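Residues per chain are reported as follows:
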Amino acid sequence: MTGEFTKTTNFLDAVKGSLIISCQALPDEPLHSSFIMSRMALAATAGIRANSVVDIQAIQDEVDLPVIGLSKVDYPDSPVYITPTIKEMRAVAATGCPVVACDVTGQPRPNGEQLADIVATMRQEFPDTLLMADTDSLENVQAAEALGFDIIGTTMHGYTPVTKGANIADNDFEYLKAVLKTTSKPVIAEGKVDTPAKMKRCLALGCHAVVVGGAITRPLQIAQGFVAALED
Ligand SMILES: CC(=O)N[C@H](C=O)[C@@H](O)[C@H](O)[C@H](O)COP(=O)(O)O
């Protein structure tokens, strides 16, 4: 089905209070395939998060739901890999997805690119595309808001040197509560939300929506959880 969802349909209204399913599989994962990701997307009812132009396009051809697009690329001179440079930002935005997500962790970007410049270019070239900040810490939540990002994600909390090992569910979502107090922007909870109860708690605390990935779309990760339990 050709995606009938258009940028003019307000993304935030479409996903408010809902589950967004992250359908991603990197080249080293069993389900790495745009076709498989497009079929995974059929599990979604409100929105999807997807990695790479080819997967975004395959998903938009298959389902009429809004996509948060990103492009994971590793560069030798930077630890930033989620839509790291203006090149990836432009490519993802060109798919027509209503939201482009990128790393906002304060770490140096490839080629010395500056996030403020990237944002300014995106506002000029893709004025209708929303920008989602994949943040790791309160400092970078504040930085994202100051840069004018439209949506705050908790995506990278626990995945950067300063937040290594942290989980947004720790101490009844203590960190998420702090994020919600820190920003006036819509917050999408993301990262290790792996049960329906955790999803409900994030929404009850005030998140705009919740992204769940691995717990739904990564069978290897899911199976490893069961195998680990055998050894408990
Ligand atoms: C750290 C990183 O690169 N996270 C990525 C962001 O796009 C995805 O691999 C995650 O699956 C997504 O954030 C959803 O999180 P979870 O799979 O835990 O529900």
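Refer to the structure printed above.
Predicted model only: the values in this text are computed from it and were never measured. (Residues numbered from 1 in each chain as written. Predicted model: local features only at pLDDT ≥ 70, side-chain atom pairs only at ≥ 80, totals over all residues. Heavy atoms only, no water.)

A.B. asks: Now, about the side chain of D55: what can you tell me, with residues and values included?
C.D. replies: Looking at the secondary structure, you find D55 in helix 3 (residues 53-62). The side chain of D55 sits in the buried core without any salt bridge; R218 is the nearest counter-charge, 9.3 Å away. Of the polar contacts made by the side chain of D55, one reaches the side chain of S34; its length is 2.6 Å. Once residues within four sequence positions are removed from consideration, D55 is found in contact with S33, S34 and M37. (Helix = DSSP H or I, 4+ residues; strand = E, 2+ residues; numbered from the N terminus. Buried < 20%, exposed > 50% of the residue type's maximum accessible area, 1.4 Å probe, protein only. Lys, Arg positive; Asp, Glu negative; His and termini not counted. Salt bridge = Lys/Arg side-chain N within 4 Å of Asp/Glu carboxyl O. Polar contact = N/O pair within 3.5 Å; in protein donor to acceptor, adjacent residues only side chain to side chain. Contact = heavy atoms within 4.5 Å.)

A.B. asks: Residues and numbers for the sheet that holds strand 3 (residues 67-70), please.
C.D. replies: With parallel pairing, 8 strands are arranged side by side around a closed barrel as 1-2-3-4-5-6-7-8. Strand after strand, the sheet turns through a mean of 25 degrees between neighbouring axes, direction not considered. For strand 3 and strand 4 (residues 99-104), the ladder comprises 2 bridges, and the chain directions are parallel. By the bridge assignment for strand 4, G69 is matched with V100. (Pairing = 2+ DSSP bridges. Axes fitted to C-alpha atoms, helices over the stretch in contact; angles between N-to-C directions.)

A.B. asks: Would you mind going over unusual backbone geometry in detail, with residue names and values included?
C.D. replies: In this structure, S52 is a non-glycine residue whose phi angle is positive, near 90 degrees. Located in the positive-phi region is F173, a residue other than glycine, with phi close to 60 degrees. By secondary structure assignment, the location of F173 is in helix 7 (residues 170-182).

A.B. asks: Before we move on, could you go through the pairing of strand 8 (residues 209-212) and cite the residues and values that matter?
C.D. replies: The two faces of strand 8 match: A209 and V211 on one face and V210 and V212 on the other face are all buried. Where strand 1 (residues 18-23) lies against strand 8, 4 bridges are found, and the strand directions are parallel. Bridging across to strand 8, I21 finds its partner in V212. Pairing of strand 7 (residues 187-190) with strand 8, which is carried by 3 bridges, proceeds in the parallel orientation.

A.B. asks: I'd like a description of helix 4 (residues 86-93), backed by residues and values.
C.D. replies: Buried within helix 4 we find I86, E88, M89, V92 and A93. The buried side chains of helix 4 occupy one side of the element, clustering within an arc of 160 degrees when seen end-on. Tucked inside the fold, the buried residues of helix 4 contact helix 3, strand 3, strand 4, helix 5 (115-125) and strand 5 (130-135). (Arc of directions from axis to C-beta.)

A.B. asks: Lay out the environment of T183 with the relevant residues and their values.
C.D. replies: On the secondary structure map, T183 appears in the loop between helix 7 and strand 7. With a relative accessible area of 9%, T183 lands in the buried category. For T183 and V141, which are 42 residues apart along the polypeptide, the C-alpha to C-alpha distance reads 7.1 Å. Excluding anything up to four places from it in sequence, T183 contacts V141, E145 and I152. Among the polar contacts made by the side chain of T183, one reaches the side chain of E145 at a distance of 2.7 Å. Of note is the side chain of T183, whose polar atom sits 3.0 Å from the backbone nitrogen of K185.

Interpretation in functional terms is not warranted from these geometric data alone.
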